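Topology and contacts: notes
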Amino acid sequence: TTMEFKKEKVYTPLAATPTHNVSQAIKYGNLVFVSGMVGEDENEVLKEGLEAQCEQAFINMKNVLEAAGSSLEKVLFCQIFIAKREDRAIANEVWDRFFLNMDVGPARYTVVAPTVAEPYLFEITCVAGV
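No experiment lies behind these values; they were computed from the predicted model shown. (Residues numbered from 1 in each chain as written. Predicted model: local features only at pLDDT ≥ 70, side-chain atom pairs only at ≥ 80, totals over all residues. Heavy atoms only, no water.)

1. So, the overall build of the chain
- Helix and strand counts for the chain come out as 2 helices and 6 strands.
- Along the chain direction, N to C, the helices and strands of the chain fall in the order β-β-β-α-β-α-β-β.
- Against the globule reference of 14 Å for 130 residues, the chain gives a C-alpha radius of gyration of 14 Å, in line with a compact fold.
- Each of the three principal axes of the chain carries a C-alpha extent, and together these read 50 × 35 × 25 Å. (Helix = DSSP H or I, 4+ residues; strand = E, 2+ residues; numbered from the N terminus. Rg over C-alpha atoms; globule rule 2.2 N^0.38 Å.)

Written as structure tokens, this is what we have:
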């Protein structure tokens, strides 16, 4: 027998709402795919500076994962996007606050590239188990 999976939209008021018919996350089977999270809080106020934006993006990702029935501990893979190569140190410092003490940290891919819009300094996305 083949298992039928359906796409389920995940939403929480505890993270900013994406535009352009983009879901905060999609559950599919026992996986959750989280959209790019940036440094905006749930009121869509962008935090000031790289460290604050990183921290808020991680908090948003955590809140979306929990709304999907998952958690940071179940993150399998992350992609992070930073505007400048020298932003890596701060991004890694914030990463460690959320992932350092786990038995098995997630796999990660880091991209240094211009961000989606000028004021955004950091973005993170992930795939996690549910």
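And the narrative resumes.
2. A word on the packing of aromatic side chains
- One pass over the structure, following the stated rule, counts 6 aromatic pairs.
- Measuring from ring centre to ring centre gives 4.5 Å for W95 and F99, while their planes differ by 50°; the resulting arrangement is tilted. One end of the pair, W95, and the other, F99, are both in helix α2 (residues 88-99), 4 residues apart, so they sit about a helical turn from each other. We note that W95, like F99, is buried. (Phe/Tyr/Trp six-rings, centres within 6.5 Å; stacked < 30°, edge-to-face > 60°. Buried < 20%, exposed > 50% of the residue type's maximum accessible area, 1.4 Å probe, protein only.)

3. Overview of the environment of E123
- Considering the arrangement of structural elements, one finds E123 in strand β6 (residues 122-129).
- Given a relative accessible area of 23%, E123 falls into the partly exposed group.
- Those residues in contact with E123 that sit more than four places away from it in its chain are G36, M37, V38, Q79, I80, F81 and V116. (Contact = heavy atoms within 4.5 Å.)

4. Describing a nonpolar patch on the surface
- There is a patch of nonpolar side chains on the surface, built from M3, F5, Y28 and F33 and spanning about 430 Å² of accessible area.
- By the secondary structure assignment, Y28 is in strand β2 (residues 25-28). (Patch = residues over 30% accessible without salt bridge, like charges linked within 9 Å, V, L, I, M, F, W, Y side chains within 5 Å. Areas by Shrake-Rupley, 256 points an atom, 1.4 Å probe, with all protein chains shown as cover. Salt bridge = Lys/Arg side-chain N within 4 Å of Asp/Glu carboxyl O.)

5. Structural notes on the packing of helix α1 (residues 50-67) against α2
- For the pair α1 and α2, interaxial distance at closest approach is 9 Å and the crossing angle is 35°. The crossing of α1 and α2 is right-handed. Contacts from L50, E51, C54, E55, F58, I59 and M61 of α1 reach α2 at I90, A91, E93, V94, W95, R97, F98 and F99.
- Along the lines of polarity and charge, the residues of the contact of α1 with α2 split into 11 nonpolar, no polar and 4 charged. (Axes fitted to C-alpha atoms, helices over the stretch in contact; angles between N-to-C directions. Left-handed = near helix turned anticlockwise from the far one by under 90°. Nonpolar A, V, L, I, M, F, W, Y, C, P; charged D, E, K, R; others polar.)

6. Description of unusual backbone geometry
- Its identity is not glycine, yet H20 carries a phi of approximately 60°, on the positive side.
- Phi is positive for N21, which is not a glycine, with a value near 55°.
- Within the element layout of this structure, N21 appears in the loop between β1 (8-10) and β2.
- Of the residues examined, N21 reaches a relative accessible area of 76% and is grouped as exposed.

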